[in-house]
Amino acid sequence: MNVRRGQPVTRGAALPAARPPTGADRLAEAWTAAIVGTSYVAMGLDETRAYLGGLADRLLRVLAAADFDASVPRLVGESLVAAHFTQPRSLEQTLAALEAHLPGAGARVPGDRLGRTLAAVAAGYATALRERTLSEQEGIIAAAMAARQQAEQARWTSEARFAALFADAAAGISISTVDGEILEVNRAMCEMFGYSHEEFRGRSATEFVHPEQVPQMRTRLRQLAAGERDHYRLEAPYYRRDGSVIWTDVVVSLIRDQAGTPRYTVSMVEDITERYLLQTRLRYQALHDPLTELPNRTLFFERLGEVLDDPRPGVRVGLCYLDVDGFKAINDTLGHDIGDQLLRAVAGRLAQRVADAGHLVARMGGDEFVVLVAESSGTDQLGRIAEASLAAVREPVRLGGHAISVSASVGVVERPVAGTSTAELMKAADTTLYWAKADGRDRWALFDAARHALDVERYALSAALPGALSRREFFVEYQPLVRLADGVLTGVEALVRWRHPQRGVLGPDAFVALAEETGLVVPLGAWVLAEACAQAARWRELFPQRDVLLNVNLAPRQLSDPGLVGTVRQVLAGTGLPPASLQFELTENAVMGGGGGPPRTLHELAGIGVRVAIDDFGTGYSNLAYLRNLPVRGLKLAGSFVAQTGTDPIDKEIVTAVVGLAHALGLTVTAEEVETAEQVAALRALGCDLAQGYHYAPPLPAGAIDELLSNGISPPPATPC
C-alpha cells in the first residue's frame, strides 16, 4: 500500500508504559515523515517507522564505533530498496533527513564520518537498485529469447506479451542492430530523452552520447558485433532533445540468432541524474573544507598518493607547507569569527595565485595549508611558489573594522617520487616549516638533510635525558678559580658532564640547552647543586684552612622556578655548606630578561647568604648601572674579551673600563678562558681579581682538586682540549 502523510495510527485499549524515546526513535520519526508518500510500499505508517527505526539504530552504532565500517550504511541503502522505496525522491529525502538529524540523534560524529556515511547509504541504494533493474532486464531478455523460440503457431501470443512488457517497462529500452542503428524504443525511452519513436528510429546510439564517451561506446559495439562479449554495463552522460545532459545507467546485451550469430542489441537505460548529482555533491563535501572550500586533507592525501604512484622515471614531487604566523593571537584577541574570515581570505588568495597555476592547494586544518606540485621542476620553482604564497598572506585585509596584517612561514620539500613515502614527505615538510618559524617567521626554508640529521640527534639526546638522570649517568667536574695576585686557588666552578652510553662523555654545550627546553634542567640543576655542595663541604673538612668558593651555574628556567630558594635552603642544610661558600653564576640575559621574577629570586638568595655573579659579561646587556640594583658580587668577563687583551688595544680599553666600573660597584672581576702567560700578565696589570682557564687547569675530577688544594697550582699552562 502507499504510505501517505497523516495516515491514522491504530491505538490499542491498553498500552504498556511509554519508554523515553531514544536517538534511533527520534531519527526514525524524522525519517518516516520525510519519505512517506515517495514510494509505494507494502507497510503501514507504524510498520514503516519500526522498520526505519532498526536502520537508524544501525547507523547510530556505526557512527559511534571506533573504526568506521562502510558496509553497514551500504546495507541500510540496500534495505530501503528491499522495502520497495525505489523512487529517486525516496533516496533524496532519506539523505536529506539523515544529514539533518543524524548529528543530533545522540551520535558523536567525528571528522568527515557523516559525509562518508551518507555516501555509503547512497552507494548501497544505487547498487541494490541496479541489481533489481538488471534482474528485470534479464527477465525481459529471457522473455524475448523465449518468444523467438516459440512455435510458429503461438508466435503472435508471445509477440503480444513481449510488446506489452517492452512498451510498459519503467526503464528505457531500445533495440538496435549490432552496428548501433536504433530499430525500436519504448515509451519510457522517449520520455527520458524527449524524442518521438520516429525521431529515434534509424539513428545511431552514438549521436546521443556525450562526445567523451563516443570512442568507448564504438569500441564496445564492435566487440558485441564480433561476438567477443555478450553484454556491457556503464554509467554515461547523454544529451536530451533540449540540450540538457542526463546521467544514465546503461546495460547493453547481445541477441544472437539460432545459429549463434550476433543479430541485435537490447539496451536498458535508467535515468540516474538525481542520484549522480547527489553523489557528486556528497563527494565534494567529503573532500573539501567547509570553511574555505579548498580541498581538505583527505583529498590532498588522495592526490599525493596518486603522484607518488607515478611509475615514470625521473618524476619529482614538491610540497610547500604553510602556517599562518601568530594566528592564535588573532583568535584570542579579535575572536574566532574574525579568525575564520582571515582564513577564508588567505585561502582565496592562495587559490587565486597558486591553484590557478595548476597546483593543488589544500587546507590541512587550523591555520595550515599545503601546496602540492605534482611534477616539480626543481627547488627554484618551489621557491617562487613559496614567495608567491608569502606575498599573498602578507597583504593586509580589512575584517570587522580591523586592518589585519599577518605573515606566514613555509617549509619546502622537493624530492624524486621513486622511493618516497607519504609519511616521510610530510614529516620532512613539517620539520622544515618548524625551521622557518624558528629562523624568524615570514620566510620559507628548504629541507636540508644534514640539518635534519642534527635535529634527529638532538631529539634522541632530549628523549634520553630523563632516563640518564635516573640512571646517574651525569657527573660533575671542577675547574679551578685562581687569584691573579698570587696564583692561589680560591674556588672552583662545578661543570656537569654526561657519560653517554653510546657517544661517550658529553660536555654541557651538548645537552644543557635541551634540558632547558624540556624543563629537565630544574631536576638536573638540583642534582648538580646537591652533588657539588656535598663535595665542597668535604673540602672544607679536609682543608679547614682553605675557604674554597663553589661556583654553580644557574639556568634561566631554574631562576624562574618558584621552588629554587627552598631547594637551595634544603641542600645547604643537608650538606652543611655555609651559604657564603656558594656562588651562583647567571648570564646577563637570564638576570635582565624582563619581569619581576629573576630580581626577586636573586634578592631572596642573597637574603640567605648565597653569592651571585654574572657570567659571560659583555655578551648580553652589559649594563653595569642595572646591576647596581641587584645583589651581585662579581662579574666573569667573556672569553672573547680575554683572548685579545694582551694584543688588541680596543679589547684592553674595554677590559680596563669594565674592571674600573666593577670595582667602583664593589664587584670582583674574573677572567675566563685564560690560556697563556701573556694573558695572565695583562689581566693582572689591568686589575682583574681572578682567572680561570686551561693555563691553570682544565675541568678536573674532585680527587684532582684535592691534590691542587694540598700542593697548589703550578703552571706551565695546560693545552686546551
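Parameters at a glance
Residues numbered from 1 in each chain as written. Predicted model: local features only at pLDDT ≥ 70, side-chain atom pairs only at ≥ 80, totals over all residues. Heavy atoms only, no water. Helix = DSSP H or I, 4+ residues; strand = E, 2+ residues; numbered from the N terminus. Buried < 20%, exposed > 50% of the residue type's maximum accessible area, 1.4 Å probe, protein only. Contact = heavy atoms within 4.5 Å. Areas by Shrake-Rupley, 256 points an atom, 1.4 Å probe, with all protein chains shown as cover. Expected span 1.5 Å × (residues − 1). Pairing = 2+ DSSP bridges. Axes fitted to C-alpha atoms, helices over the stretch in contact; angles between N-to-C directions.

Asks: How do you make sense of the overall build of the chain when you look at a structure like this?
Replies: If you tally the helices and strands in the chain, you get 27 helices and 21 strands. Counting the 721 residues in the chain, one finds 48% classified as buried. Put simply, of all contacts in the chain between residues at least 6 apart along the chain, 65% involve residues at least 24 apart. Accessible area for the chain stands at about 34700 Å²; split by element, carbon and sulfur atoms hold 52% of it.

Asks: Explain helix α10 (residues 273-287) here, please?
Replies: One turn of an α-helix holds 3.6 residues; hence residues three or four places apart share an orientation. Along its 15 residues, α10 runs 21 Å from first to last C-alpha, staying within 8% of the 21 Å computed at 1.5 Å per residue. Every buried residue belonging to α10 is among Thr273, Arg275, Leu278, Leu282, Ala286 and Leu287, and all of these are buried.

Asks: Would you explain the side chain of Thr94 in this entry?
Replies: Topologically, Thr94 is positioned in helix α4 (residues 88-101). Accessibility expressed as a relative area gives 1% for Thr94, which makes it buried. Those residues within four positions of Thr94 in sequence are excluded, and the remaining contacts are Trp31, Ile35 and Leu80.

Asks: Could you clarify how one ought to interpret α4 in this entry?
Replies: Counted at 1.5 Å a residue, the expected span for α4 with its 14 residues is 20 Å, and the 20 Å between its end C-alpha atoms agrees. When we look at burial in α4, the residues that qualify are Ser90, Leu91, Gln93, Thr94, Leu95, Ala97 and Leu98.

Asks: Even after reading the chapter, I still don't get unusual backbone geometry, so can you show me in this structure?
Replies: Backbone geometry at Glu293 places phi at a positive 65°, although glycine is not the residue there. Here Glu293 shows up in the loop between α10 and α11 (297-308). A positive phi angle, close to 70°, is found at Arg441, a residue other than glycine. Considering the arrangement of structural elements, one finds Arg441 in the loop between α15 (422-438) and β12 (443-446).

Asks: Can you help me understand the sheet that holds β12 in this one?
Replies: Remark on secondary structure: sheet strands pair via backbone hydrogen bonds, oriented parallel or antiparallel. The strand order across the open sheet formed by 5 strands is β7-β8-β6-β11-β12, and the pairing between neighbours is mixed. If you trace the sheet from one side to the other, it starts and ends with β7 (360-365) and β12, each paired once. The average angle at which neighbouring strand axes cross in this sheet is 20°, direction not considered. Relative to β12, strand β11 (residues 408-416) runs parallel, the two being bridged by 4 bridges. Residue pairing in the sheet places Ser409 in a bridge with Arg443 of β12. Contacts from α11 reach β6 (316-324), β7 and β8 (368-373), with the element oriented near 130° to β7.

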